[in-house]
Amino acid sequence: MSTPAPRSLAEALRLRDDNSLAELLRSRPDLITPVPTDLTQLATRAGTRASVVRALERLDRFALQTAQALAVAADPAGYGELLALMGGDQGEAAVEAALPRALGTLREQALVWGGDDRLRLVRTARELLAPSPQHPSPTGLGPTVQEAAAGMSPGRIQEIVATAGLPSTHDSVSAVAALTGLFGDRKRMTALLDGASTESREVLERLVWGPPYGQVTADPAPRLRWLLDRGLLLPTAPGTVVLPREVALHLRGGRAHRTTEPLPPGLVVTGTHRPQVVDATAAGQAYTALATVEELLKDWDEGGPAVLRAGGLSVRDLKRTAVALDVTEPVAAFWVELAYAAGLLASDGEADERYAATPFYDEWLQLPPAERWAQLVEAWLTATRTAGVVGGRDAKDRTLSALGPGLDRSAAPEVRHRVLTLLAGLPEGASPSAESLLARLRWERPLRGAQQDDDLRGRLAGWTLSEAETLGVTGRGALSEHGRALLGAPAREPAAKPSGGPAASGPGDKLPVHHVQVTLEPLSPAEQATASAAAARLLAPLLPEPLDHVLLQADLTAVAPGPLRRPLADMLGVLADVESKGGATVYRFTPGSVRRALDAGRAASDLHAFLAAHSRTPVPQPLTYLIDDVARRHGHLRVGAASAYVRCDDDTMLNEILADKRAAALRLRRLAPTVLATQADPATLLDGLRAMGYAPAAESAEGDVLITRADAHRTPPRTPPQPVPDGPPIPDATLLAAAIRAIRAGDRASTTPRKQPPSAGGDLPRTSSAETLATMQAAALTGVAVWIGYVNAEGTASQRVIAPIRVEGGFVTAYDHTADEVRTYPLHRVTGVAELAED
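For clarity, every value in this text was computed on a predicted model and none was experimentally measured. (Residues numbered from 1 in each chain as written. Predicted model: local features only at pLDDT ≥ 70, side-chain atom pairs only at ≥ 80, totals over all residues. Heavy atoms only, no water.)

### Describing the overall build of the chain
Move 1: When you go through the chain residue by residue, the secondary structure sums to 34 helices and 25 strands.
Move 2: Taking 28 Å as the expected radius of gyration for a compact globule of 839 residues, we find that the chain reaches 38 Å, considerably beyond that expectation.
Move 3: Dimensions of the chain, computed from C-alpha atoms along their principal axes, come out at roughly 120 × 90 × 65 Å.
Move 4: Counting all 839 residues of the chain, 46% fall into the buried class. (Helix = DSSP H or I, 4+ residues; strand = E, 2+ residues; numbered from the N terminus. Rg over C-alpha atoms; globule rule 2.2 N^0.38 Å. Buried < 20%, exposed > 50% of the residue type's maximum accessible area, 1.4 Å probe, protein only.)

### Side note on the pattern of salt bridges
Move 1: A full pass over the atoms with the stated rule returns 38 salt bridges.
Move 2: Put simply, aspartate 75 and arginine 120 hold a salt bridge, and the shortest N to O gap is 3.4 Å. Pair noted here: aspartate 75 is in the loop between α5 (61-72) and α6 (79-87) and arginine 120 is in strand β2 (residues 120-121), with a separation of 45 residues, a long-range link.
Move 3: On the accessibility criterion, arginine 120 (22% relative accessible area) is partly exposed.
Move 4: Because the salt bridges share partners, they merge into one network encompassing Arg58, Glu414, Arg445 and Arg457. (Salt bridge = Lys/Arg side-chain N within 4 Å of Asp/Glu carboxyl O.)

### Here's the deal with helix α3 (residues 39-46)
Every α-helix winds through 3.6 residues per turn, so residues three or four apart in the chain are directed the same way.
Move 1: Those residues of α3 that fall on the buried side of the exposure criterion are Leu39, Leu42, Ala43, Arg45 and Ala46. Projection of α3 onto a plane perpendicular to its axis shows the buried side chains occupying an angular sector of 165 degrees, all on one side.
Move 2: On its buried face, α3 is in contact with α1 (9-14), α2 (18-27), α4 (49-57) and α33 (733-751).
Move 3: Measuring from the side-chain oxygen of the N-cap residue of α3 to the backbone nitrogen of threonine 40 gives 3.2 Å; that N-cap residue is aspartate 38. (Arc of directions from axis to C-beta. Contact = heavy atoms within 4.5 Å. Polar contact = N/O pair within 3.5 Å; in protein donor to acceptor, adjacent residues only side chain to side chain.)

### A look at the packing of helix α29 (residues 604-614) against helix α30 (residues 621-633)
Move 1: At a minimum axis separation of 10 Å, α29 and α30 run at an interaxial angle of 160 degrees. Taken together, the axes of α29 and α30 are roughly antiparallel relative to one another. For the pair α29 and α30, the crossing hand works out as right-handed. Here Ala604, Leu607, His608 and Leu611 of α29 lie close against α30, whose contacting residues are Leu623, Thr624, Ile627, Asp628 and Ala631. (Axes fitted to C-alpha atoms, helices over the stretch in contact; angles between N-to-C directions. Parallel < 35°, antiparallel > 145°, perpendicular 65-115°, else oblique. Left-handed = near helix turned anticlockwise from the far one by under 90°.)

### As for the confidence of the model for the chain
Move 1: On average, residues of the chain score 86 in pLDDT, and 91% of them reach the 70 mark or higher.
Move 2: With pLDDT under 50 throughout, residues 495-516 is counted as low confidence; its partners more than four residues away or in other chains account for 35 contacts.
Move 3: Residue range residues 758-762 is modelled with pLDDT below 50. Its contacts to residues more than four positions away, or to other chains, number six contacts. (pLDDT = per-residue confidence, 0-100.)

### Observations concerning the sheet that holds strand β24 (residues 821-826)
Move 1: In space, the five strands of this open sheet follow the order β24-β23-β22-β21-β25, with antiparallel pairing throughout. Both outer strands of the open sheet, β24 and β25 (830-835), are each paired with one neighbouring strand and no more. Here the average twist between neighbouring strands, direction ignored, is 45 degrees.
Move 2: Here strand β21 (residues 786-791) pairs with β25 via five bridges, running antiparallel. Residue pairing for β25: tryptophan 787 is matched across the bridge by alanine 834.
Move 3: Helix-sheet contacts for helix α34 (residues 769-782) involve β21, β22 (797-808), β23 (811-816) and β25, and the interaxial angle to β22 is about 65 degrees. (Pairing = 2+ DSSP bridges.)

### As for the environment of alanine 529
Move 1: Counting through the fold element by element, alanine 529 comes out in helix α26 (residues 525-539).
Move 2: Remark: the alpha-carbon pair of alanine 529 and glutamate 378, spanning 151 residues in sequence, is separated by 8.2 Å.

### Details of the side chain of threonine 139
Move 1: Within the secondary structure layout, threonine 139 lies in the loop between α8 (123-129) and α9 (145-148).
Move 2: A residue is classified by how much of its surface remains accessible, and threonine 139, at 2% relative accessible area, is buried.
Move 3: Within the local environment of threonine 139, its side chain forms a polar contact with the backbone nitrogen of leucine 141, the two atoms lying 3.3 Å apart.
Move 4: Look past the residues within four positions of threonine 139 in its chain and what remains in contact with it is Gln68, Val72, Trp209, Arg252, Ala256 and His257.

### Observations regarding the sheet that holds strand β13 (residues 557-560)
Move 1: Taken together, four strands build an open sheet; the order of strands is β12-β13-β15-β14 and the sheet is antiparallel. Edge positions in the open sheet fall to β12 (551-553) and β14 (577-580), since each of these has one partner strand only. Neighbouring strand axes in the sheet, compared pairwise and without regard to direction, differ in orientation by 30 degrees on average.
Move 2: Taken together, the three bridges between β12 and β13 define a ladder with antiparallel strand orientation. Pairing of leucine 551 across the sheet is with valine 559, part of β13.

### Some words on the environment of glutamate 302
Move 1: Within the element layout of this structure, glutamate 302 appears in the loop between α16 (275-299) and α17 (315-325).
Move 2: Taking the C-alpha atoms as reference points, glutamate 302 and valine 586, 284 residues apart in sequence, are found 23 Å from one another.

### Focus on the packing of helix α20 (residues 369-382) against α26
Move 1: Relative orientation of the contacting elements α20 and α26 amounts to 135 degrees, with a least axis distance of 9 Å. Viewed along their axes, α20 and α26 adopt a mutual orientation that is oblique. With respect to the hand of their crossing, α20 and α26 are arranged in right-handed fashion. Contacts between α20 and α26 involve Ala370, Glu371, Trp373, Ala374, Glu378 and Leu381 from the first element and Gln528, Ala529, Ser532, Ala535, Ala536 and Leu539 from the second.
Move 2: Residue classes in the contact of α20 with α26 are distributed as eight nonpolar, two polar and two charged. (Nonpolar A, V, L, I, M, F, W, Y, C, P; charged D, E, K, R; others polar.)

### Digging into α5
Move 1: Taking 1.5 Å of rise per residue, the twelve residues of α5 would be expected to cover 16 Å, and the 17 Å separating its terminal C-alpha atoms lies within 8% of that figure.
Move 2: Most of α5 sits inside the fold, with eleven of its twelve residues counted as buried.
Move 3: Within α5, burial applies to Phe62, Ala63, Leu64, Gln65, Thr66, Ala67, Gln68, Ala69, Leu70, Ala71 and Val72.
Move 4: If you check the start of α5, you find a side-chain oxygen 3.1 Å away from the backbone N of phenylalanine 62, and it comes from aspartate 60. (Expected span 1.5 Å × (residues − 1).)

### Digging into the pairing of β21
Move 1: Within β21, five of the six residues are buried, which leaves it mostly tucked inside the rest of the structure.
Move 2: Bridging between β21 and β22 involves six bridges; their strand directions are antiparallel. Residue pairing across strands places valine 786 opposite isoleucine 802, the latter belonging to β22.
Move 3: Taking the residues that link successive antiparallel strands as the turn, the β21-β22 hairpin has five residues, and the phi of glycine 795 there is positive, at about 85 degrees.

### Examining unusual backbone geometry
Move 1: For the peptide bond that leads from threonine 33 to proline 34, omega is 0 degrees, which places it in the cis range.
Move 2: Positioned with a positive phi, leucine 403 is a non-glycine residue whose angle comes to about 65 degrees.
Move 3: With respect to the element layout, leucine 403 can be found in the loop between α20 and α21 (412-424).
Move 4: Residue class for leucine 403 comes out buried when judged on its relative accessible area of 9%.

Following this line, the structure appears as structure tokens:
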């Protein structure tokens with residue numbers, strides 16, 4: 001016995017197995033937010049406008065073209081009619097091969113239902129995709145003859161039928177049907193158009209691919225009059241005519257689209273490099289990324305820029321940060337946002353709110369370099385805050401600032417993951433052109449990109465390529481091995497060595513690509529943690545080994561020939577200033593840098609011992625003299641709070657300060673032979689005296705020297721910003737199984753045949769208390785299921801199918817088929833009970 005054809009989307013969903021329903025709910029998670037009570041409600045929700053729009057946005061170009069073709073086809077349409085619309089009268093092998101996949105996608109997404117002989121596009125999707133004067137169809141087709149002739153007078157329709165050479169009819173309906181039949185008949189249409197002048201055919205050619213509307217005067221030219229008299233153009237409004245859909249399809253050779261794209265565009269490889277070169281280049285970039293983030297946070301250790309009243313960094317502070325990092329402002333915004341996304345910096349929440357490193361930053365510094373990199377890249381992969389939009393304008397025409405509001409773009413994680421997945425499918429060491437990559441992404445999500453004027457997905461893809469290279473996920477444009485591990489992709493098989501020819505192509509070469517289709521789903525948090533750990537293990541051997549020494553030179557510089565170990569790097573960063581960076585870092589010792597080390601609590605003897613222990617060359621005499629000279633003067637002046645004061649045992653030095661013109665701005669006055677006071681705060685006074693060449697030390701209220709350390713200022717514990725999801729999250733297997741079980745149970749309860757008691761009224765069964773009790777007791781004895789109406793404590797009515805197990809004390813304990821579990825119900829809340837039909 002064959003299964004009857006479904007008459008609705010709900011019936012079509014009812015014929016699906018659990019795996020098919022799971023795929024639908026996984027691809028359209030909004031359908032189970034919340035979980036529907038049954039399949040009828042699921043079908044209703046799948047047909048709502050918001051849900052259909054989201055589903056259409058996630059179709060690839062060919063699947064969307066297929067849906068657009070169904071929107072201009074008959075309802076229902078056969079598979080042959082759809083194939084003709086997609087491939088034309090002559091057919092197209094690629095379209096014929098790809099159409100089953102596209103149609104399968106539409107069925108899986110519950111946008112199309114019915115067998116191949118009766119394909120139906122969901123009504124909402126047809127309304128969205130069908131052509132109308134307000135919303136033209138991407139196909140360029142206009143209304144059908146029946147739709148265009150709906151407002152015409154019967155007499156005018158009969159005149160058109162007669163002029164077209166058709167017999168007259170008794171009513172407009174049959175006349176329109178005859179005209180439709182003529183325009184759909186290739187042979188008769190060809191004969192009709194053979195009588196058209198060249199000028200008339202030129203008019204049709206201008207309208208055939210759309211837009212199908214044109215303007216005419218009250219007295220049309222002969223070339224237009226000939227077309228109007230035969231219905232090849234039909235009036236839609238005064239002065240406006242339209243090319244009927246049937247006429248356009250004949251002129252197009254039956255094609256709904258001028259160009260169909262059944263296959264995704266291939267990626268063009270612009271260069272191929274040895275995998276070892278790619279991994280080494282990426283590792284170098286990864287090390288630079290770590291150094292840059294450390295430099296940024298070190299610069300903000302004692303309190304970074306102030307937080308704007310509206311949130312975020314000011315333009316001036318972003319420029320200062322870019323200068324400090326020696327990068328452009330957009331790149332500086334990227335590093336700031338990355339550190340924020342990773343939880344390494346935040347606002348301190350004080351009255352004078354500033355940005356500073358978080359306590360987690362100190363924990364992060366203690367991790368091995370590869371693990372620090374993995375945490376940064378993991379934060380980048382999932383972050384929705386997008387540094388690329390910094391400097392742009394929001395909907396209210398306000399400038400978007402780094403670390404400010406309005407930077408979240410929910411599509412960013414998906415685009416990043418997809419770009420890296422496409423790179424993972426290329427041959428080993430191959431780097432694609434950005435243009436071909438963007439073309440591929442636009443094919444995969446055409447509708448979503450078309451709805452945004454600025455092509456956000458395209459810009460996100462461009463930023464992803466640049467940021468992946470900056471972070472060391474890719475090297476020379478190709479995905480590295482640790483980048484593949486980060487996605488959870490399997491390791492590549494070792495490539496066979498070529499027998500001859502060049503080992504790698506240059507960056508300017510364009511080679512044919514053999515793209516491997518790789519499908520990598522976004523990882524769960526636990527899976528991503530495992531993948532990040534694997535990526536860190538692959539990266540670790542490629543990073544340079546930290547050194548425990550420097551080379552001191554007579555010109556008061558120190559050369560670090562590579563990365564330094566943590567204690568050495570921290571101390572040297574306090575004792576000296578970085579002069580240049582690169583393969584080797586050059587540090588310069590200055591009076592200010594030595595004073596900074598002394599302010600941090602180090603004695604001159606400590607500094608001499610430190611340099612002697614970590615230098616591969618003898619400590620130069622000028623450096624020794626510099627340290628001793630600064631140490632001898634350090635703390636000779638003491639600054640405290642008066643508002644602020646200066647005290648010194650040497651009144652001659654105080655006389656020099658008072659006589660110095662540079663001290664005028666400080667407005668110092670003498671309180672005692674060894675004390676000067678000012679209205680300026682201690683910090684301003686310290687900076688002013690240091691600018692004059694002195695080495696003052698701050699002191700506490702007890703007169704002790706205050707030690708200032710670089711890591712003195714930290715924010716309270718902060719959590720990283722949470723990504724803004726792009727719609728409901730994709731349900732996991734456990735949630736899907738539970739949702740499908742609940743939907744199936746609810747559907748059984750709503751569709752199971754039952755006997756309606758004579759006294760029942762409305763949707764719920766209605767029986768007296770005595771009848772309800774007797775039926776329940778009988779069902780418990782016989783073990784059969786019954787249909788009940790039930791009102792819960794909140795007053796919500798529902799219908800359920802239950803199998804009573806025990807009836808006592810005013811309660812019935814039963815297996816509830818709707819909830820798929822055993823429950824106990826108060827009998828006084830049961831509105832009535834009915835037996836199920838025997839069949």
